[in-house]
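Here is what each chain is made of, one letter per residue.
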There are 2 protein chains.
Amino acid sequence: MLEFHIQFNQDAPLYQQLYEYIKHDIQSGMLEAGTRLPSIQYLSRQLQISKTTVETAYDQLLAEGYIRSKPRSGYYVEDLNTAFFSQSIPLPQKKDTAFHGNPRNFRIDFNDNHIDQEHFPLSVWRRLYNQSLQEQDAYFYGDPQGEWGLRHEIVKYIRQIRGIQCTEEQIIIGANSQHLIGLLCKMLKNDTETVGMEEPGYHVVTRVFKDEGFHVFPIPIQNDGIDVSVIRSAHPDIVFTSPSHHYPFGMVMPIQKRIELLEWAEKEGGYIIEDDILSEFRYSGQPIPALKSLDKKDRVIYMGTFFKTLLPSLRIGYLVLPEILANHYREHFHVYQQTTSRIDQNTLERFMKNGHWEQHIRKMRKVYQGKYETIVEAVKTFMKDHAEIIGHPAGLHILLHIKSITNEEELEKRAGEKGIKVYRISESWFKKENNFLNGSVFLLGFGGLKKEEIVRGIQELSEIWFGNGE
Amino acid sequence: MLEFHIQFNQDAPLYQQLYEYIKHDIQSGMLEAGTRLPSIQYLSRQLQISKTTVETAYDQLLAEGYIRSKPRSGYYVEDLNTAFFSQSIPLPQKKDTAFHGNPRNFRIDFNDNHIDQEHFPLSVWRRLYNQSLQEQDAYFYGDPQGEWGLRHEIVKYIRQIRGIQCTEEQIIIGANSQHLIGLLCKMLKNDTETVGMEEPGYHVVTRVFKDEGFHVFPIPIQNDGIDVSVIRSAHPDIVFTSPSHHYPFGMVMPIQKRIELLEWAEKEGGYIIEDDILSEFRYSGQPIPALKSLDKKDRVIYMGTFFKTLLPSLRIGYLVLPEILANHYREHFHVYQQTTSRIDQNTLERFMKNGHWEQHIRKMRKVYQGKYETIVEAVKTFMKDHAEIIGHPAGLHILLHIKSITNEEELEKRAGEKGIKVYRISESWFKKENNFLNGSVFLLGFGGLKKEEIVRGIQELSEIWFGNGE
């Protein structure tokens, strides 16, 4: 009669120790195929444990297929390939992650993805989130397209502030720009193959187009935005543009060029993807109406986000689709599940409905305008003739042009050694040789810095780079 | 001298009314190209408004490109294609959305996507969310791969409960299964083209494989899971399977078949995607270790989610990648931004770290086991010989086999007319002709119903279908 000799310990339930013991013996080949296991009654007596404990261990071995049960006979070891188990499983080694989401390594980080941390209406958001969490909605998958209530608030907002006329049916919510563009690519795949991207521009989505099998090529920008004559001669199927706030120059595409672009799309059957990023933050004049507001022939796909305007950690963006694409979406793409938390969607709906969103945008425009003026003033004061600001008064960064020194890497490195992180604009080009700027140009984000940090940062950069003040 | 005649009202700021008035006149062609606008001083006197108001309106028209400014001369209307503006913009009509996320239309809805609403630790989650919201993290984009802290908790959990040895580097967080599978497809695209899916199975991801350009074909399941001999002869590049809890039958793949499947993958260089959905909820015996726990040659890509186990409205799932794919991801796919809210990730990290997750899973297993026993008992009591339960005691649904009546549509319709929603299992088949079940089989989810609703629902279904009890 087969006997088991087990030293039970306190680390795990008895049935689990018995199960692991027998499993080990089967895997190692010590218990051969066809071997009959001791009966439950016998083993419980031998090991002085309850019958239930033995039964539980046997049931588990049965469920996983290590043993089989023959009625009125007992339990037998299955015929397994035990050589399989003799291979060793190498234990993976833990590595360090290179990535850090927060700016831990620099005293002053001019990252233009950082936003203000002092003026977010934390208690309002918390209260509205807690309300949304208590709703029945939290326990159900939501609408794949995004919650109707949030889409309704977005319709109202973009009608009022961006001049866009659309319905809730045309709006699709999604976790980020890349996800939304990826979905769009799938919807357009049969008809379109080439995408013209502003150069320089927002190349985070360039990769998505490429991975979806689209051919992407750069279209140069001029002082007033994308070069429409190049679009006419290159005839892409899609043009990706930020007409109300170009990245990184910040310029606005004038009405004349907007009309030309729309006429191109109408005539050639092209689509324009309007990335309306940060159009809320212009510091001279009022917001510019969206290109989509002039789009009578439904050729513009509009993309809006809440990342930098609300909270980067929340994942909420949206598309406004032309009606024909919205119908196509409903018929063929509703199977794609929503990527944004339904609780977050309901919270944002409440936030918009109660007027907090418009109030927040108004407040943040003032806050960022103050920071913008601070950095402009600091550059004038400390850098004098060494540098000039290019680009337009908008968004969360300035472009700092160092005329006299062309070695960007060297300047970046020297700043970094003193704990200040600056960003080279040359990264914004699809092809490095398209960079038409002479000298060094840095993209300095100011949104996440306090005014005194901005002033100190510019002052220190000036000392590091030009040696003045020492 | 040009004169403007404006009736100002109280509805909008004065500058905006002036801006709209002039813009309208330019768009309609009433103000012709080259026309010189009145000077700021003149217009402010004529309309009895401040110079700042006029200046603001002019600045806006300038910024948008409707007018241009000539130094020491004044403002002139730009030469625009005014015919463009004469096209009318049709106002889209609002339509009703067919989709409802919540079960509003049925008294009793046996949807297997619904979960229990009484036992979620709402106040704990709220407290941890509020802590996470107050952290600096909320103001920064997070790690594209997912927060290290959450990945660390997942590593600990799947090691302990699922027997999986891996590092944080191998884990990728994402908003849902489709998003994660889509990312995986992009990573595998150059090497692989065919995917074998369990038939019947979880066809929500089938669509993703197809849209990513993969060839998908069904692999029949047997009593003990996927048919490995078919895999051997069809030699797909990838096999998608749920070995610890098949959908919808609920069976467990025994150890022998697991070894065969792994040996196939090792020999042929294939990948196995293990969808470990709901493996936590088995009502006989303990959880079955994951297939991934036996994977010595790193051929298994493991997928885990928190949708049905935590909250469907939260969008958090993850992949465990083999090391070679994890390296490939870090080198080439880190550009893809994270889709899950960083605040939610940090909240879940706290929830897991503090032991709430394991406690919740233990509690819910008991709750669902109680509901499972209730529905099994109710079927026996009310349906007697008319029906039998097939499939295994696990998950959030049973399969109800109505032996005597084959017209599923008719049964579904009659139930629906009385306010009870049931789901046909035939939808789980990739190809309808592969359905080997005789009679009608319904997939009845019980997770979201109270015990008394379960009993009443089964009783009423029995009356509707078999006419007993009336």
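Our structure's up above, just so we're on the same page.
Residues numbered from 1 in each chain as written. Chains lettered and ligands numbered in written order. Predicted model: local features only at pLDDT ≥ 70, side-chain atom pairs only at ≥ 80, totals over all residues. Heavy atoms only, no water.

**Describing the interface of chain B and chain A**
- Across the contact, 116 residues belong to chain B and 117 residues belong to chain A.
- Interface of chain B and chain A: buried area, both sides summed, is about 9900 Å²; carbon and sulfur atoms make up 56% of it.
- When the area that chain B buries against chain A is broken down by residue, the three leading residues are Tyr139, Tyr141 and Lys296 of chain B, summing to 10%.
- Counting the contacts that link chain B with chain A gives two salt bridges.
- Glu212 of chain A is the partner of Lys186 of chain B in a salt bridge, and the nearest nitrogen-oxygen pair spans 3.2 Å. (Contact = heavy atoms within 4.5 Å. Buried area = accessible area lost by both parts, 1.4 Å probe. Salt bridge = Lys/Arg side-chain N within 4 Å of Asp/Glu carboxyl O.)

**Side note on unusual backbone geometry**
Residues and elements named next belong to chain B.
- The amide bond that connects Glu199 to the next residue, Pro200, takes the cis arrangement and shows omega of 0°.
- Along the chain, the position of Pro200 falls in the loop between β5 (194-199) and α8 (206-211).
- Here the residue pair Tyr247 and Pro248 is connected by a cis peptide bond, since its omega of 5° sits within 30 degrees of zero.
- Here Pro248 shows up in the loop between β8 (238-241) and α10 (255-268).
- Even without a glycine there, the phi angle at Leu278 is positive, about 60°.
- For Asp298, which is not a glycine, the phi torsion comes out positive at approximately 60°.
- Counting through the fold element by element, Asp298 comes out in the loop between β9 (271-275) and β10 (300-305).
- Classification of Asp298 as partly exposed rests on a relative accessible area of 23%. (Helix = DSSP H or I, 4+ residues; strand = E, 2+ residues; numbered from the N terminus. Buried < 20%, exposed > 50% of the residue type's maximum accessible area, 1.4 Å probe, protein only.)

**Some details on the pairing of strand β13 (residues 397-402) of chain A**
Residue and element names in this part refer to chain A.
- Most of β13 is tucked away: six of the six residues are buried.
- By the alternation rule, side chains of β13 split into His397, Leu399 and His401 and Ile398, Leu400 and Ile402, which are all buried.
- As paired elements, strand β12 (residues 387-390) and β13 share four bridges and run antiparallel to each other. What sits directly across from Ile389, in β13, is Leu400.
- Here β12 hands over to β13 after six residues, with Gly391 in that stretch at a positive phi of 90°.
- The sheet contact formed by β13 and strand β16 (residues 440-445) spans six bridges and is antiparallel. Within β16, the position partnered with Ile398 by the bridge is Leu444. (Pairing = 2+ DSSP bridges.)

**Points about the relation of the copies chain B and chain A**
- Once turned by 180° and shifted 0.0 Å along the axis, chain B lies on chain A with an RMSD of 0.1 Å. Expressed as a symmetry operation, the mapping of one chain copy onto the other fits a two-fold axis.
- Interface overlap between copies is the fraction of interface residues in one copy that are interface residues in the other; for chain B against chain A it reaches 100%, indicating a shared surface. (Least-squares fit on C-alpha atoms with pLDDT ≥ 70 in both.)

**Overview of the environment of Glu135 of chain A**
All names here are of chain A.
- Mapping Glu135 onto the fold places it in the loop between α5 (122-133) and α6 (148-162).
- By relative accessible area, which is 25% here, Glu135 ends up partly exposed.
- Sequence separation between Glu135 and Asn346 is 211 residues; the distance between their C-alpha atoms is 9.4 Å.
- Once you skip the residues sitting within four places of it in the chain, Glu135 turns out to touch Asn346 and Arg350.

**A word on helix α11 (residues 323-332) of chain A**
All names here are of chain A.
- Restricting attention to buried positions, one finds in α11 the residues Leu325, Ala326 and Tyr329. When α11 is viewed along its axis, its buried side chains cluster within an angular range of 105° and face the same direction. In this structure, α11 carries Ile324 and Glu331 as exposed residues pointing more than 90 degrees from its buried face.
- Contact partners of the buried residues in α11: β4 (171-174), α7 (177-188), β9 (271-275) and β10 (300-305). (Arc of directions from axis to C-beta.)

**Thoughts on the nonpolar core**
- With 136 residues, the main nonpolar core has Trp465 of chain A together with Trp465 of chain B as its most contacted residues.
- In contact with Trp465 of chain B, not counting residues within four places along its chain, are Met383, Leu400, Ile402, Ile405, Leu411, Arg414, Ala415, Val422 and Phe442 of chain B.
- If you look at the next biggest cluster of nonpolar residues, it comprises 58 residues, including Met197 and Phe333 of chain A together with Val205 and Phe209 of chain B. (Core = buried A, V, L, I, M, F, W, Y, C linked by side-chain atoms within 4.5 Å.)

**Some words on the pattern of salt bridges**
- The tally for this structure, following the rule as stated, stands at 50 salt bridges over all chains.
- Between Arg424 of chain A and Glu409 of chain A there is a salt bridge, with the nearest N and O atoms lying 3.6 Å from each other. Of the two residues, Arg424 of chain A sits in strand β15 (residues 423-424) while Glu409 of chain A sits in helix α14 (residues 408-417), which places them 15 residues apart along the sequence.
- The exposure class assigned to Glu409 of chain A is partly exposed, which follows from its relative accessible area of 47%.
- The shortest N-O distance in the salt bridge between Glu78 of chain B and Arg68 of chain B comes to 3.6 Å. Here Arg68 of chain B lies in strand β1 (residues 67-70) and Glu78 of chain B lies in the loop between β2 (74-77) and α4 (83-86), a separation of 10 residues in the sequence.
- The network of salt bridges with common partners includes Lys186, Lys189 and Glu212 of chain A together with Lys186, Lys189 and Glu212 of chain B.

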